Structures are given as C-alpha cells and as structure tokens.
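Tertiary structure, described
Listed here are the chains, written in short residue letters.
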Amino acid sequence: MKNISLDISKAAQFLSNGAVKALEPQVKAAQESLENGTCPGNDFLGWLHLPSSITPEFLADIQATAQVMRENCDAVVVAGIGGSYLGARAVIEALGNSFAWLIQDQKNPIILFAGNNIGEDYLSELTEYLKDKKFGVINISKSGTTTETALTFRLLKKQCEAQRGKEEAKKVIVAVTDAKRGAARTCADKEGYKSFIIPDNVGGRFSVLTPVGLLPIACAGFDICQLVKGAADMEAACGKDVAFEDNPAAIYAAVRNGLYGEAGKKIEIMVNYQPKLHFISEWWKQLYGESEGKDGKGIFPASCDFTTDLHSMGQWIQAGERSIFETVISIEQPNRKLLFPEDEENLDGLNFLAGKRVDEVNKMAELGTRLAHVDGGVPNIRISVPELNEYYIGQLIYFFEIACGISGNVLGVNPFNQPGVEAYKKNMFALLDKPGYEADSKAIKERLAKEG
C-alpha cells in the first residue's frame with residue numbers, strides 16, 4: 001500500500017538554499033534523543049513504539065468490550081477532555097457519515113462527547129436527549145478529578161443507573177484510567193466496571209492509539225486493527241535509521257523549524273479541503289500547541305476548513321501580516337462519487353462544470369488557493385493522503401506524533417509536559433473555595449477587589 005506523502009517545494013522556496021538539509025544534524029540528534037530516552041520528558045515516551053507493540057489479544061479485548069456497548073446502547077457518551085477525547089473524535093468524525101446524528105444506524109450507537117466543557121446548557125440538553133435512550137458511558141480520566149470530566153461523569157452515572165438499573169448500568173459503563181490510583185480507578189473497582197489502563201508513560205495528547213482512543217473508535221464501528229497497522233507502518237517509515245530525505249516526519253520537523261527560525265513564520269495554519277477533517281485539525285492543535293508552546297517559544301497552531309473559511313479568513317491569509325505558513329492535508333481520492341449537474345436555464349453560469357466530479361472542482365480550488373497564497377508570501381507544505389480510511393488515518397496520527405516529538409526537541413523545549421495548563425485550574429479552584437486553596441482564594445479575591 002502507498003504511504004501518505006509530503007511536498008515541501010512551496011515552503012522550501014521561502015528559505016535560503018540548502019536550509020532544510022542544513023537542519024539534518026539537529027533533526028537526527030533530536031530523533032536519536034527520543035530513541036535513546038535522553039530528551040527532556042523522557043518518562044513520557046511510551047507512544048514512540050506503541051503501534052508496533054500492540055498485540056492482537058489487546059485489540060481483541062477492546063473490540064469485545066466495544067461489541068457489548070454496541071449491542072446494548074443506542075448512544076455511547078465519551079466523557080473526557082483534551083487528549084482524552086480529541087483523538088477519538090478526530091478519527092470518528094473523519095471516518096463517519098457527516099450526518100450520523102440524523103441516521104438510524106442499526107449496527108452502531110451514536111457517539112457523543114461530553115466532559116470537555118462546563119456548559120450548563122450543553123449538559124442539560126445532553127441529559128434531556130438521553131432520557132429515552134439506552135446509553136452507556138466511557139469515562140476517560142487518569143485522575144478522575146478533572147473538573148469538567150468528573151462533573152459530567154457524576155451526572156451520567158446517576159442517570160444511567162436510574163434509567164437502566166445499577167446492575168445493567170455496570171455492563172455499559174467503562175473506565176479508562178490509571179492502573180492503580182485515582183478517583184476513577186477507585187470508582188471502577190468499587191462498582192465493578194470493565195476498565196482499561198492509560199499507560200503512565202503516554203501523555204494525553206499522544207494517547208489516541210491507547211484505549212483512550214481505540215475503545216470509542218471501536219464502539220463507533222471502525223476497524224482499529226487497520227488504524228494500528230497504518231500507524232505501525234508509518235512508525236517504520238519514520239524510523240531513526242531511515243535516511244533524512246526519505247523520512248517524512250524528519251522533513252516536516254525541519255521545514256517547520258526552518259520557517260520559524262529563519263523566515264520568522266510564527267503561525268502554522270492547518271488547512272483541509274475535506275469537512276470531515278475538522279477535528280483532525282483540532283487534535284493537531286492540541287498536540288503541537290501543548291507540546292511546543294512553552295519557555296517563550298513555539299509556533300502558534302491554528303486551523304481553517306477550506307473552502308468554507310476562504311470566505312471569512314481568506315483575505316487575511318492572502319494579504320495580512322506575513323507571519324504565517326500553511327500545512328495542507330489533501331485527500332487524493334474521495335470515498336463517494338457525485339457529478340455536477342446540467343441546468344437548462346444556467347442562471348448561475350456553472351454549466352461549464354456539468355459532468356465533472358465535485359471533487360475535481362474542489363481539487364482545482366485547492367490548487368488555485370495554494371498558488372495564490374504562495375504568491376502572497378505564504379509558504380505551503382502539502383500532506384497527501386491516498387484516501388480517507390482507518391489505515392491512512394493511522395498513518396497520519398503517528399506521522400504528526402513523531403514529527404512533534406522531533407520538532408519540540410529541535411526547538412529546545414520539553415515536548416511532553418504542560419506546566420502552563422495548571423494556572424487556570426489553580427485560580428478556578430481558589431475562586432470556588434475548594435478545600436486546600438484557602439490561601440490562594442484570599443490572595444486572588446484581594447487582587448480582584450483591588451482591580452475593581
């Protein structure tokens with residue numbers, strides 16, 4: 001089978017001659033530090049060879065659990081935040097029907113996502129929707145105390161037990177959590193829930209190929225074996241012994257850092273021309289933003305869905321501040337075929353397109369936009385994906401993960417921690433008068449009074 005491929009020609013032209021090749025020593029050293037476990041954050045490298053280490057028995061256990069959920073649920077709610085839901089949602093929405101929530105699927109439950117916000121309306125509307133549904137819950141939390149997810153799980157657990165009875169609810173509530181400690185582990189053991197372990201050495205944003213992502217994806221009816229196979233094949237294609245010029249992740253990491261350091265491009269916009277990829281971009285934003293945005297450094301990750309956002313952001317991208325570059329994900333072959341129709345009156349003047357595939361029009365929009373943006377001073381990297389299926393999504397996931405690890409090390413930061421994420425939590429708990437935060441509560445309330 002083919003692999004996803006990388007075209008950097010319209011990005012390298014914005015760099016000095018030989019600049020990408022000149023970064024080879026740094027990139028290779030960064031990848032070797034990952035392999036040798038000598039990089040910052042080396043206690044979170046469990047994702048590095050995860051795809052090739054996943055066994056058929058492990059996948060069979062996940063599939064069996066998913067089958068129980070599929071047979072007993074109209075809906076499955078994934079309760080998680082950040083890396084605990086974005087990867088699963090990215091894959092499910094990329095592979096699923098765009099109108100899944102309107103279709104009565106007899107084989108697969110609808111997959112819903114909660115625990116990723118504290119919206120009272122959202123949670124109220126969710127519980128209202130579930131009142132007449134046979135639903136299950138996948139609670140994804142290492143600690144079990146993350147506010148957004150814990151609040152959601154508390155609501156859903158009580159509702160599921162009330163609607164189905166405590167014994168029946170046990171069959172359709174699954175915990176994905178720490179092996180030994182934490183509130184979610186204690187609850188799972190006490191209630192007798194089926195559970196899967198989040199490995200200690202895999203951070204949330206790198207966890208989509210653990211049960212964090214694999215179980216919801218399997219519940220949605222997708223082939224997790226092919227997903228893992230694609231990731232494993234990309235792991236081999238990006239191995240440390242692969243020549244620099246043949247290693248797509250190494251090249252991507254080099255070009256990004258070259259554009260950042262030499263060309264002063266501080267913002268990377270992830271672009272797609274396939275609406276199903278919206279949440280792939282959302283997952284990618286967390287992966288790179290949380291990994292690289294620290295120590296006063298890092299490319300800011302943004303995203304646009306084209307051609308939709310060309311009618312809102314196109315002007316700024318074409319002619320705004322020249323601090324950006326684009327990475328375009330292009331799907332070579334769509335899964336469906338639809339021809340542009342002929343119209344007798346031709347009031348819109350589009351009969352010149354009659355008989356063409358809609359995707360041909362989309363591809364010309366993509367090519368025309370890339371040429372225009374390059375002419376406007378926006379470097380473009382293009383990632384070509386043969387088709388939208390489990391295998392190639394698995395490749396894409398691992399490609400971005402390994403490139404992120406390499407890129408963060410080249411940048412000189414620890415790509416596997418996120419100290420800045422805790423700042424808002426400390427303030428929130430202090431404002432809510434959480435026990436243990438009394439000193440912080442007093443200080444922050446004095447500050448607010450002083451600031452008016």
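As a starting point, this report considers the structure included with it. (Residues numbered from 1 in each chain as written. Predicted model: local features only at pLDDT ≥ 70, side-chain atom pairs only at ≥ 80, totals over all residues. Heavy atoms only, no water.)

**Some thoughts on the overall build of the protein**
The helix and strand tally for the protein stands at 19 helices and 10 strands. Along the first, second and third principal axes, the C-alpha set of the protein runs to 60 × 60 × 55 Å. By residue count, 50% of the 452 residues in the protein fall in the buried class. The long-range share in the protein, meaning contacts at least 24 apart out of those at least 6 apart in sequence, stands at 77%. Side chains of the protein carry 48 positive and 59 negative charges; the gap between the two charge centres is 5 Å. (Helix = DSSP H or I, 4+ residues; strand = E, 2+ residues; numbered from the N terminus. Buried < 20%, exposed > 50% of the residue type's maximum accessible area, 1.4 Å probe, protein only. Contact = heavy atoms within 4.5 Å. Lys, Arg positive; Asp, Glu negative; His and termini not counted. Charge placed at Lys NZ, Arg CZ, Asp CG, Glu CD.)

**Looking at the sheet that holds strand β6 (residues 194-197)**
Strand order in the open sheet formed by 5 strands is β3-β2-β4-β5-β6, and the pairing between neighbours is parallel. With partners counted over all chains shown, the strands left at the sheet margins are β3 (110-114) and β6, one partner each. When strand polarity is set aside, the average angle formed by the axes of neighbouring strands in this sheet is 20 degrees. Across the face of the sheet, helix α7 (residues 120-129) comes into contact with β2 (75-79) and β3 while running at roughly 150 degrees to β3. (Pairing = 2+ DSSP bridges. Axes fitted to C-alpha atoms, helices over the stretch in contact; angles between N-to-C directions.)

**Remarks on the packing of helix α6 (residues 86-95) against helix α14 (residues 278-292)**
In contact at an axis separation of 8 Å, α6 and α14 are set at 155 degrees when each is read in the N-to-C sense. The pairing of α6 with α14 is recorded here as roughly antiparallel in orientation. The interaxial crossing formed by α6 with α14 has left-handed handedness. In contact with Leu86, Gly87, Arg89, Ala90, Glu93 and Ala94 of α6, α14 contributes Phe279, Ile280, Glu282, Trp283 and Gln286. Class assignment of the residues belonging to the contact of α6 with α14 gives a composition of 6 nonpolar, 2 polar and 3 charged. (Parallel < 35°, antiparallel > 145°, perpendicular 65-115°, else oblique. Left-handed = near helix turned anticlockwise from the far one by under 90°. Nonpolar A, V, L, I, M, F, W, Y, C, P; charged D, E, K, R; others polar.)

**Structural notes on the sheet that holds strand β8 (residues 300-305)**
Ordered in space as β1-β10-β9-β7-β8, the 5 strands form an open sheet in which the pairing is mixed. Looking at which strands have only one partner, the edges of the open sheet turn out to be β1 (5-7) and β8. Here the strands of the sheet are splayed against their neighbours by 20 degrees on average, with no regard to which way each runs. Here strand β9 (residues 324-333) pairs with strand β10 (residues 380-387) via 7 bridges, running parallel.

**Re a negative patch on the surface**
Negative charge collects at one region of the surface, where Glu342, Asp343, Glu344, Glu345 and Asp348 lie side by side. Note on placement: Glu345 falls in the loop between β9 and α16 (358-375). (Patch = residues over 30% accessible without salt bridge, like charges linked within 9 Å, V, L, I, M, F, W, Y side chains within 5 Å. Areas by Shrake-Rupley, 256 points an atom, 1.4 Å probe, with all protein chains shown as cover. Salt bridge = Lys/Arg side-chain N within 4 Å of Asp/Glu carboxyl O.)

**A word on a nonpolar patch on the surface**
A contiguous nonpolar surface patch, about 490 Å² in accessible area, is contributed by Phe99, Trp101, Leu102 and Ile103. Along the chain, the position of Ile103 falls in the loop between α6 and β3. Judged by its relative accessible area of 43%, Ile103 falls in the partly exposed class.

**Some thoughts on unusual backbone geometry**
Following Phe306, the chain continues into Thr307 via a peptide bond in cis, with omega recorded as 10 degrees. With phi around 50 degrees, Asn346 is a residue other than glycine that occupies positive phi space. Following the sequence through the fold, Asn346 ends up in the loop between β9 and α16.

**Here we look at the environment of Asp132**
Along the polypeptide, Asp132 turns up in the loop between α7 and β4 (135-140). On the basis of relative accessibility, which here comes to 62%, the residue Asp132 falls in the exposed class. Measuring from C-alpha to C-alpha, the distance between Asp132 and Gln163 comes to 8.5 Å, with 31 residues separating the pair along the chain. For Asp132, the side chain forms a polar contact with the side chain of Lys133, separated by 2.9 Å. (Polar contact = N/O pair within 3.5 Å; in protein donor to acceptor, adjacent residues only side chain to side chain.)

**Side note on the state of the cysteines**
Applying the stated criterion to the full structure yields 0 disulfides. Free cysteine Cys160: the closest other cysteine sulfur is in Cys73, separated by 7.3 Å. Overall, Cys160 belongs to the buried group, its relative accessible area being 0%. (Disulfide = S-S within 2.5 Å.)

**With respect to the side chain of Arg370**
For Arg370, the position within the fold is in helix α16. In this structure Arg370 is buried but unpaired, with Asp7 as the nearest side chain of opposite charge at 4.3 Å. Not counting residues within four places of it along the chain, the set of residues in contact with Arg370 comprises Asp7, Lys10, Val328, Asn380 and Arg382.

**Comments concerning the pairing of β9**
With respect to burial, β9 is a largely interior element, 8 of its 10 residues being buried. As defined by bridge partners, strand β7 (residues 267-272) adjoins β9 across 6 bridges and the pair is classed as parallel. Of the residues in β9, the one forming a bridge with Met270 is Thr327. On the question of chirality, the crossover connecting β9 to the parallel β10 by way of α16 is right-handed. (Right-handed = clockwise from strand over helix to strand, strands pointing away.)

**Considering the environment of Ala114**
Here Ala114 lies in strand β3. Residue class for Ala114 comes out buried when judged on its relative accessible area of 0%. Separated by 130 residues in sequence, Ala114 and Phe244 have C-alpha atoms that sit 41 Å apart. With sequence-adjacent residues up to four places away left out, Ala114 is seen in contact with Val77, Val78, Ala79, Gly80, Tyr122, Leu126 and Thr152.

**What to know about the side chain of Asn139**
As for its position among the elements, Asn139 is in strand β4. Apart from residues no more than four positions distant in its own chain, Asn139 is found in contact with Ala79, Thr149, Phe153, Val174, Ala175, Val176 and Ala184.

**Focus on the packing of aromatic side chains**
Counted by the stated rule, this structure contains 15 aromatic pairs. An aromatic cluster of at least three residues, connected via ring pairs, comprises Tyr252, Trp283, Trp284, Tyr288, Phe399 and Phe400. In this structure, Lys133 packs its charged tip against the face of Tyr129, placed 4.1 Å from the ring centre. One residue, Arg256, lies across the ring of Tyr252, its end atom 5.6 Å from the ring centre. (Phe/Tyr/Trp six-rings, centres within 6.5 Å; stacked < 30°, edge-to-face > 60°. Lys NZ or Arg CZ within 6 Å of the ring centre and 35° of its normal.)

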